Amino acid sequence: MLLRFLACLALTASAFGAIEVVKLPGTEDLHEPFSIAFDAKGDAYGVEFQPANRIFHLHDGKIEYISGVKWNSTAKSAKVPAPAKLLDLAPAVYNGMHDISIAPDGSIYASDSFQHRIIRLDPKTHATTVFAGTGKSGYAGDGGPADQAQFNIPMCGVIDPSGKFMIIADIGNNRVRRIDLATKTITTIAGNGKKGLPKDGDDALNTSMGDARAACTAKDGTVYVLLRGGNALAAVKVGKVTVVVNKAGKAGPATDGSAAEATMRGPKYVTMDAKGNVLILDTENHCLRLFDPIKQTIRTIAGNGKKGSAVGADWASTQLNRPHGARIGPDGRLYVTDTENNRILIGPAP
């Protein structure tokens, strides 16, 4: 299904190894796609950031907006009330969509970040309910039901490889939290609420986890946490923390080599590939990078570090503009949400 969709919408060379551009048919365009995820059937779902604030579905050669208010892209405006009033409205009105994830049972979860909650879409009816968060900013609820907990701008909520837990980067609280999908109980697994970088060997619950922007889980249980303000990647394993990329926490260009000595600039998202590597959206460097946990090295795999829109014959010659998301698709290829170019790019996985 998804492959037929891609065949219809590929705008560049059709060779499997080439970079393809996914855009909407007709006159309407994607607007600031932030994240994309796949269900068991191979269909793709994604979220758009402001002002569109929509969830879309790619299925059987068609794209459909399945949740969120209608947005007039021609007029560059949205029929969305002021943010202060959003909490009084139905859950289908979103504000600041950042991430999307799909559980083994097909449930679709999206981070409605500026309303401080995670919402769930029924995979068949697309009916929307609040899964976690009261909609009021704060830090509360550990040990209790997720829908009674408080967040402070939950940026991402990703299902772990076991399919049993959701890992949430609660950026305003400088913490990483976890929800048991069976019991819907929430706990904090990293961060003491303070800004700053953790120190290697620190206890995960008693260390700084400043600007925890995104998180994902490896098959061995390691939780990787991307610290936006610290321009770093931290690994949480067996209750201890290690900074594995950019130990100094300094902003800088995307250079390859030792991960510990590497710099990033405003990284925004992190995900795993099929080989156990960590893919990092180095957003303000306009590129995607790969951290190898075994070799402890990092290298750029998409984008050349310069903002632009050129689509080349491969990832190295393709330019990005503030990308915010990536996934390895069921077809084994790499999908990148090239946010400010308003497009999704597909090409060979590293």
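One can find the structure itself at the top, above this paragraph.
Reading the values: rules and limits
- Residues numbered from 1 in each chain as written.
- Predicted model: local features only at pLDDT ≥ 70, side-chain atom pairs only at ≥ 80, totals over all residues.
- Heavy atoms only, no water.
- Helix = DSSP H or I, 4+ residues; strand = E, 2+ residues; numbered from the N terminus.
- Buried < 20%, exposed > 50% of the residue type's maximum accessible area, 1.4 Å probe, protein only.
- Contact = heavy atoms within 4.5 Å.
- Areas by Shrake-Rupley, 256 points an atom, 1.4 Å probe, with all protein chains shown as cover.
- Pairing = 2+ DSSP bridges.
- Core = buried A, V, L, I, M, F, W, Y, C linked by side-chain atoms within 4.5 Å.
- Salt bridge = Lys/Arg side-chain N within 4 Å of Asp/Glu carboxyl O.
- Polar contact = N/O pair within 3.5 Å; in protein donor to acceptor, adjacent residues only side chain to side chain.
- Phe/Tyr/Trp six-rings, centres within 6.5 Å; stacked < 30°, edge-to-face > 60°.
- Lys NZ or Arg CZ within 6 Å of the ring centre and 35° of its normal.

A. Just the overall build of the protein chain, in detail. From N to C terminus, the protein chain includes 1 helix and 27 strands. A burial count over the protein chain gives 55% of its 350 residues as buried. Summarising the internal contacts of the protein chain: among those between residues at least 6 apart in sequence, 43% fall at separations of at least 24. Looking at the protein chain as shown, the accessible area adds up to about 14000 Å², and 53% of this sits on carbon and sulfur atoms.

B. Structural detail: the sheet that holds strand E21 (residues 269-272). Across the sheet, which stays open at both edges, the 5 strands sit in the order E20-E24-E23-E22-E21 with antiparallel pairing between neighbours. Looking along the sheet, the strands with just one partner apiece sit at the ends: strand E20 (257-258) and E21. By the bridge criterion, 2 bridges tie E20 to strand E24 (residues 297-302) in an arrangement that is antiparallel. Bridge assignment links Ser258 to a residue of E24, and that residue is Thr297.

C. Expanded view of the nonpolar core. One finds Tyr224, Leu233, Val245, Ile280, Leu288 and Phe291 to be the most contacted residues of the largest nonpolar core, which totals 36 residues. Per element, the largest residue contribution to this core is 4 residues, and it comes from strand E22 (residues 278-282). Residue contacts for Phe291: discarding those within four places in its chain leaves Tyr224, Leu233, Val244, Val245, Ala259, Asn277, Val278, Ile280, Gln296, Thr297 and Ile298.

D. Representation of the pattern of salt bridges within the structure. Tallied over the entire structure, the rule returns 15 salt bridges. Notably, a salt bridge pairs Lys247 with Asp200, separated by 2.6 Å at the nearest N-O pair. Of the two residues, Lys247 is situated in the loop between strand E19 (240-245) and E20 and Asp200 in the loop between strand E15 (186-190) and strand E16 (212-217); the sequence distance between them amounts to 47 residues. Residue Asp282 is joined to Arg289 by a salt bridge in which the shortest nitrogen-to-oxygen separation is 3.0 Å. Summarising the burial analysis for this pair, Asp282 and Arg289 share the class buried. Linked through salt bridges whose partners overlap, the residues forming this network are Lys268, Glu284, Arg322 and Glu340.

E. Highlighting the environment of Asp39. Here Asp39 shows up in the loop between strand E2 (33-38) and strand E3 (44-48). Along the backbone, Asp39 and Pro123 are 84 residues apart, and their C-alpha atoms lie at a distance of 9.5 Å. Discounting residues that sit within four places of it in the chain, Asp39 has contacts with Tyr45 and Ile102. From its side chain, Asp39 meets the backbone nitrogen of Lys41 in a polar contact 3.0 Å long. Within the local environment of Asp39, its side chain forms a polar contact with the backbone nitrogen of Asp43, the two atoms lying 2.9 Å apart.

F. Here's a closer look at the side chain of Asn321. Counting through the fold element by element, Asn321 comes out in the loop between E24 and strand E25 (325-328). Setting aside chain neighbours within four positions, we find Asn321 in contact with His286, Lys307, Gly308, Asp338, Thr339, Glu340 and Asn341.

G. Expanded view of the packing of aromatic side chains. Going through the model one piece at a time under the given rule, you end up with 6 aromatic pairs. Taking 4.9 Å as the distance between ring centres and 70 degrees as the angle between the ring planes, the aromatic pair formed by Phe38 and Tyr335 counts as edge-to-face. Here Phe38 is found in strand E2, whereas its partner Tyr335 is found in strand E26 (residues 333-338), with 297 residues between them in sequence. Given the relative accessible area of 2%, Tyr335 is considered buried. Look at Phe49 and Phe114: their rings are 5.9 Å apart centre to centre, the planes differ by 75 degrees, and that puts the pair in the edge-to-face class. In this pair, Phe49 sits in the loop between E3 and strand E4 (55-59) while Phe114 sits in the loop between strand E9 (108-112) and strand E10 (117-121), placing the two residues 65 residues apart along the sequence. We classify Phe114 as partly exposed; its relative accessible area is 31%. Sitting above the plane of the Phe165 ring, Arg178 keeps its charged end 4.4 Å from the centroid.

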